[in-house]
Structure formats: structure tokens, C-alpha cells
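# Chain and residue survey
The chain contents come next:
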Amino acid sequence: PNEPRAIANNLTINNGSTLNMASNTAMTQPLTIIGNLESAGNLILSTAANGDLITYGNLNFTNGFNFNANGKKIYFNKIGTQKITAPSDLTIPYLHQNPATGQNTVELNTNILATASNQGTAIHTGNNNNIIDLNGFHLTIGTNALSNIVEGNGSFKGGTATTTSQLSLLGNGSIGTLNFLPSYN
């Protein structure tokens with residue numbers, strides 16, 4: 001549990017199967033997935049500090065999935081586009097874009113709740129090349145009665161003439177600066 005773990009390709013969690021990073025001795029280092037996450041089963045992130053998820057691929061949750069982030073960060077590190085897909089709303093307490101260089105685009109294909117359940121930075125957009133593409137879905141940032149912020153120089157991409165996206169801000173105090181791509185706000 002004290003060593004970082006990495007999966008060189010895709011991680012598939014079948015219906016009825018479980019990957020539990022919190023069982024017995026919780027992982028104290030992140031799990032890195034170089035490929036895609038495909039889950040119709042149970043994914044439970046660690047309850048320990050630093051037991052986050054780092055991904056270079058897409059997150060694809062399908063019918064039957066159960067995802068418990070346990071207040072952990074999910075880092076999107078790919079240079080390019082990473083898609084988040086689920087058949088229902090998905091809670092990602094802390095969504096952080098963190099490519100080493102270049103541009104990262106996180107494209108929503110489901111409604112996302114970035115709750116920042118332990119307060120702090122709910123969304124970190126990193127450098128000014130990064131984009132969070134709402135893609136016609138609803139992004140909720142924060143939790144009522146908690147102090148939550150958005151950090152980084154990246155931008156949000158909202159609706160177009162043919163799509164409507166929603167962005168909701170919850171919590172107390174200043175959320176920080178939100179940047180929007182021109183013609184997509």
C-alpha cells in the first residue's frame with residue numbers, strides 16, 4: 001500500500017467485480033492507469049492521504065458501475081482529450097488537469113459533481129492550454145456551506161448554438177477566476 005501502482009494498459013472492472021484501494025490497509029500512493037478505465041463493477045479509491053487516481057486515458061463507466069472516490073483527486077494527465085462517460089451523474093470530488101506539457105481537454109459525456117467534499121480546490125485546470133469541455137452536460141462545482149475554489153489558467157468550454165451546457169457553483173466565499181473559451185460561454 002505504500003508503493004505507487006501503475007497499470008500499463010487499460011483497466012477493466014467487470015460487473016460484479018471490485019477494485020478496492022481502501023480495503024485492509026488503504027493505499028497511501030496513487031494508482032496510475034496509462035490506458036482507459038472501463039468499469040461496470042465497483043471502484044473504491046483509498047481512504048488514506050495521497051491514494052488518488054492518475055489517468056492518461058478515458059474514464060468509461062457503464063451500467064452496473066459503482067464509484068466511490070472517498071474524497072480523492074483524479075488527475076487527468078494525457079496530452080490530448082480524455083472523455084468521462086457514465087450512464088448517470090458521476091461524483092469526482094477533485095478534478096485536476098495535470099499534463100506534463102501541452103494541452104489536456106477533459107470532455108464530459110455525463111453530468112459531473114466536483115464536490116470538494118473536504119474543501120479546497122475542486123477543479124484545477126493547470127496551464128492556459130487546458131480545457132474542460134462541458135459538451136452539453138452539467139458540471140456542478142463545490143458543496144453548499146463549504147469553501148471551494150477553482151485554480152489554474154485553463155478554460156471552460158460551454159455550449160454552442162446547438163448545445164446547451166450548465167455550470168453550477170455551490171459553497172461559501174470566492175470560487176476563484178473562471179475562464180471561458182470565446183464563443184463557447
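Look up a bit, the structure's there.
Everything in this summary refers to the structure shown in the same document. Each chain carries its own residue numbering, running from 1 in the written order of its sequence. Totals for whole chains, interfaces and linings use every residue, but because this is a predicted model, local features are given only for residues with pLDDT of at least 70 and side-chain atom pairs only at 80 or more, for both listing and counting. Where side-chain values are given, they derive from all heavy atoms of the structure, hydrogens and water being excluded.

### Quick look at the overall build of the protein
This is how it is decided: A helix here means a DSSP run of H or I that spans at least four residues, while a strand means a run of E at least two residues long, and both kinds are numbered starting from the N terminus. Here the globule rule reads 2.2 Å times residues to the power 0.38, and the radius of gyration is calculated from C-alpha atoms. Accessible area is worked out with a 1.4 Å probe on protein chains only. A residue is then buried under 20% of its type maximum, exposed over 50%, and partly exposed in between. The Shrake-Rupley method, run with a 1.4 Å probe, gives the accessible areas here. Residue values count only the displayed protein chains as cover. For the purpose of counting charges, residues Lys and Arg are taken to be positive, whereas Asp and Glu are taken to be negative. His and the chain ends are not included. Where a charge sits is defined by one atom per residue type, namely NZ (Lys), CZ (Arg), CG (Asp) or CD (Glu).
Scanning the protein for helices and strands turns up 0 helices and 21 strands. Taken over C-alpha atoms, the radius of gyration comes to 16 Å for the protein, in line with the 16 Å a tight globule of 185 residues would show. In terms of principal-axis extent, the alpha carbons of the protein reach across some 45 × 35 × 30 Å. When each of the 185 residues of the protein is scored for burial, the buried share is 43%. Accessible surface for the protein amounts to roughly 8500 Å². Of this, 44% is attributable to carbon and sulfur atoms. Each charge class in the protein can be summarised by its mean position, and for the 6 positive and 7 negative side chains these summaries are 3 Å apart.

### A look at the pairing of strand E11 (residues 80–85)
Regular strands show a simple pattern: their side chains alternate between the two faces of the sheet. Put simply, the test is: Should DSSP find at least two bridges between two strands, the strands are regarded as paired.
Pairing between strand E8 (residues 59–61) and E11: 2 bridges, direction parallel. Along E11, the bridge assignment pairs Leu59 with Ile84. As judged from the 6 bridges shared by E11 and strand E14 (residues 104–109), these two strands associate in the parallel manner. Along E14, the bridge assignment pairs Thr85 with Asn109.

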